[in-house]
Every structure is written in structure tokens, then in C-alpha cells.
Amino acid sequence: MRICIVVDNLNPKVGWGRQALNVSEQFRAYGHDVGFIVEKEDSLNFPQLAVPLRLSVKNLLFLPLTLLRIRNFIKTYDVILCYDVNPNAIILNMANLGQKRKVVIHALATYSLLGRGTPVRNFFMRWAYRRAKKVLVISEFTKRQIEKSGFKLTGEVIVPVGVDTNFFHPILSDEKIAQYPFVLTVGALKPRKGYHISIPAFKVIAEEFPDLKYVIIGYQNMASYFKELKDLVADFGLKDRVIFLEKISDNDLLKYYNSAELFVMTSITEPDTVEGFGMVYLEAGACGTPVVGAYNTGAEAAISDNINGFLVKHDPVEIANAMRKILLDKNLAKILGTNGIKRAKEFNWDNIAKLYLKNLLD
């Protein structure tokens, strides 16, 4: 089978890119050919078509040419897998008119939600959903959010993200990447990741654990939010305790996951933006690190409360209490970490790819 994956990027350090590359590797391992439609061509040696996917005013001027190029590219493929609806599935269904390639949507999070005050966009999103041969949804939470936004799903299948458990694993060496104990968050510095909640939670326990630091690894492209976080850190007197890092290697990321006392990410849910799952909980768990996430987010799919970590409300004191439990009880931390390894193996890419292929072949 020839599978075309539509995704905005193939950056292995970004959620969508990592997802697309890992699943395509598994598809090829099972003997399928894979190509990509992306916003910007990558140097990776795969068949790729780079076209403007975002529906900006400038891009709309070139839309007829974009649709023609997509139409010519997909005619040799059996199925097109679109990550999210807006704009990818909208554009692909336009290009596919009369051509009848099988289009499958994988609804991940924010870009699969209908928006408030956007009737034209909502019309085309509903149209794309209905034209899709099948809709895959990353989590039950995302399904609920899509339906809350105004579209009722029927016949959808839950297909979660995967994790590379061959790469993300416990390191047996006692060597630490840092000379101090720390809690860790990995994710782009965006409001939906909830850093403006986890930093105040760290403040609650900072005096109790004077040697503890908070390491935050993620792209800092959103300058206004990054400034807000740095100001928050300064106001709390935590400049020497909260460490912002960016663009680290995967090998160093593995070491940070392994060296952390715990992983915490308290994503938030708003009407127009959500965190659909949270691959990073699985990556941390695969390394044997306990995880803390928030209710009413995609973390519910990755974390079994009191099994491989804790689910908490969006309250700094409650988050701090969960972290305190792990920090004070090494036996509890070990149990949660061991369960995290088992949990992550359920989501290894081989299992997820088989679930994908079952639905793509139907």
C-alpha cells in the first residue's frame, strides 16, 4: 500500500513531526511506501511535496496551483492520512474532488476543533470531516472537545500517539546530566502547556526543597509568553531555581528524562485550544520517571492516577502536593516509575502502527 501523510512539519523535535516520522518508519517496516505533503521540504530522503498549507490571505491567491500540485502528487497513493482538520484535511479534500483517493483524518487537538465566530472555517471543517473515509481521534478527551466545539463524531476510532521505547528507556548508569536534583517539563513555551500554573506550584515547594530546581525544555518562539514566564520567575525570586533550555539533542533529552526526580506538565484546556494527548508523559514514563498531569486534558490518556503518576486539578497547591509526595517517598517514586515503563510499552510504535494500518486498510 502507498500511504501519503499530510503534516505541517517533519521536525523530530516537534510533536507532529516526531509522530509522523515514527509512524512512517513503522509503515515502511511493514512493507508500505510512504510519502509526505508538508509546508516546508525537509532534507530527509522521502518523497515529499512542499506546498503552502496554511489558509492565509497570501496563500489563498495560490490555492488553485496548490490544489493542482497536491492532486498530481496524491494520484499515485492509495490512502492519504491527514494530521488534523484545519487546514490539512480541508485542502486535501478539495484537491481530491473527483479523484476519490481515500482520505483518513487523525484528529489530534486544537486544529480539529470548530472555532467560535468562524462560520466559514467551520463550514469547511464539517465538510472535511464528512468527506473523510474515516476519522481517527487521538484520545477520548479530544473526542469530547471536538463534540463540545460543535461537531458530532460518528464511527470514529481512538488511535493514540506512540513512543519509541527502544530509544526512551531507563539508563543504568549513575551519571547525571545535572549536579542538582530537578523536576522537569518538556514542551514548547505556549500558554496551553500551563507553565504559568506549574511555576507557581514549584514556588510552593521551593523553600521546602532548597536544592531542587525546575528545568523547562522547549522552544521559546512565543516571545510574549516567554517574557511573562521570566517575569513570573523573577517575581517569585526563583531566577536561580528555574532553568529554561532550548534545542537540546535527543541524547541529552533522554538524560534529562532519566535524571529528573519527576516530570510535570499541567496543560490547560480552553474552548479553542487543547492539549490532545501529551507524548512527553510517555517519553518520561518510558525512562522510569513518575509523571504529574492535569485532569480535563489529554494527560488523562497517558496517566493512570496513582499508578504511573498523578492527575491533579489546575491548582498550584494540589500540583505541589503531588510533587511533594513523589519527592519525599522514594519507594513510591520507584513504583510509579516502574509502572510508567509498563504503561509506555503499551504505546510502543509497533502497536500504534498496527492500529493505524488496521484502520487505513479497512
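Calculation rules
Every chain begins its residue count from 1, and numbering advances along the sequence as written. Selection of residues for local features in this predicted model requires a pLDDT of at least 70, selection of side-chain atom pairs for listing and counting requires 80 or more, and totals for whole chains, interfaces and linings are taken over all residues. Values reported for side chains reflect all heavy atoms of the structure, with hydrogen atoms and water molecules removed beforehand. DSSP calls a pair of strands paired once it identifies at least 2 bridges connecting them. Numbered from the N terminus, helices here are DSSP runs of H or I no shorter than four residues, and strands are runs of E no shorter than two. Comment: axis = line fitted to C-alpha atoms, over the contacting stretch for helices; angle = value between 0 and 180 degrees taken between N-to-C directions. Residues are treated as being in contact if the distance between any of their heavy atoms lies within 4.5 Å. Whenever a nitrogen or oxygen atom comes within 3.5 Å of another N or O atom, the pair is scored as a polar contact, on the condition that within protein one atom can donate a hydrogen and the other can accept it, and that pairs from neighbouring residues in sequence are kept only if both atoms are in side chains. The set of buried Ala, Val, Leu, Ile, Met, Phe, Trp, Tyr and Cys residues whose side-chain atoms join them within 4.5 Å is what this entry labels a nonpolar core. Burial status follows relative accessibility: with a 1.4 Å probe on protein chains alone, a residue under 20% of its type maximum counts as buried, one over 50% as exposed, and anything between as partly exposed. One less than the number of residues in a helix, times 1.5 Å, gives the span that helix is expected to have. Directions pointing from the helix axis toward each C-beta atom define the arc. Handedness of a crossover is defined as follows: with both strands directed away from the viewer, a clockwise route from the first strand across the helix to the second makes it right-handed. Note on aromatic pairs: the rings of Phe, Tyr and Trp (six-membered ring only in Trp) are paired at centre separations within 6.5 Å, and the planes decide the class, stacked below 30 degrees, edge-to-face beyond 60, tilted for the rest.

## Section: the sheet that holds strand β12 (residues 291-294)
Pairing between the strands of a sheet is mediated by backbone hydrogen bonds and can be parallel or antiparallel. Spatially, the six strands line up as an open sheet ordered β10-β9-β8-β11-β12-β13, and their pairing is parallel. The sheet is open, and its two borders are formed by β10 (242-245) and β13 (309-312), each paired with just one other strand. Between one strand axis and the next, the sheet turns through 20° on average, direction left out of account. Here strand β11 (residues 262-265) pairs with β12 via three bridges, running parallel. Within β12, the residue paired with Met-265 across the bridge is Gly-293. Contacting β8 (182-186), β11, β12 and β13, helix α12 (residues 316-328) runs over the sheet at an angle of about 170° to β13.

## Looking at the side chain of Asn-258
Considering the arrangement of structural elements, one finds Asn-258 in helix α9 (residues 250-259). A polar contact of 3.1 Å, which involves the side chain of Asn-258, links it to the backbone oxygen of His-169. Apart from the residues within four sequence positions on either side, Asn-258 is in contact with His-169, Pro-170, Ile-171, Lys-176, Cys-287 and Thr-289.

## A closer look at the nonpolar core
Counting residues in each nonpolar core, the largest one holds 58 residues, and the members touching the most others are Ile-5, Phe-27, Leu-184, Tyr-257, Phe-263 and Tyr-356. Setting aside residues up to four positions removed in sequence, Leu-184 forms contacts with Tyr-214, Val-215, Ile-217, Tyr-256, Tyr-257, Ala-260, Leu-262, Phe-263 and Val-264. Counting residues in hydrophobic clusters, the runner-up holds 37 residues, among them Leu-67, Ala-89, Ile-91 and Tyr-129.

## As for helix α5 (residues 119-131)
With 13 residues, α5 should reach 18 Å at 1.5 Å per residue; the first-to-last C-alpha distance of 18 Å fits that figure. Within α5, burial applies to Asn-122, Met-125, Ala-128 and Tyr-129. The buried side chains of α5 occupy one side of the element, clustering within an arc of 125° when seen end-on. Seen from the open side of α5, the exposed residues pointing more than 90 degrees away from its buried face are Pro-119, Val-120, Phe-123 and Arg-130.

## Let's talk about the pairing of β12
Burial of β12 is two-sided: the residues Val-291 and Gly-293 facing one way and the residues Val-292 and Ala-294 facing the other way are all buried. As a crossover connection, the stretch from β11 through helix α10 (residues 279-286) into β12 is right-handed. Note that β12 and β13 share four bridges and pair parallel. Bridging across to β13, Ala-294 finds its partner in Val-312.

## A look at the sheet that holds strand β4 (residues 79-83)
Taken in spatial order, the seven strands line up as β3-β2-β1-β4-β5-β6-β7 in an open sheet, and their pairing is parallel. The open sheet terminates on both sides in strands that have one partner only, identified here as β3 (48-50) and β7 (157-158). Summarising the sheet, strand β2 (residues 33-38) and β3 pair through three bridges and their orientation is parallel. The partner of Val-38 across the bridge, within β3, is Ala-50.

## Observations regarding the packing of aromatic side chains
Within the structure shown, the criterion is met by 16 aromatic pairs. Ring geometry for Phe-27 against Tyr-356: centres 5.9 Å apart, planes inclined by 90°, an arrangement best described as edge-to-face. With Phe-27 in helix α1 (residues 15-29) and Tyr-356 in helix α14 (residues 349-361), the pair connects residues that are 329 residues apart, well separated along the chain. Judged by its relative accessible area of 0%, Phe-27 falls in the buried class. Looking at Tyr-356, the relative accessible area reads 0%, which means it is buried. Ring centres of Phe-202 and Tyr-214 lie 5.6 Å apart, and the angle between their planes is 45°; this geometry places the pair in the tilted category. Separated by twelve residues along the polypeptide, Phe-202 in helix α7 (residues 195-206) and Tyr-214 in strand β9 (residues 213-217) bring together distant segments of the chain. Each of the two residues, Phe-202 as well as Tyr-214, counts as buried.

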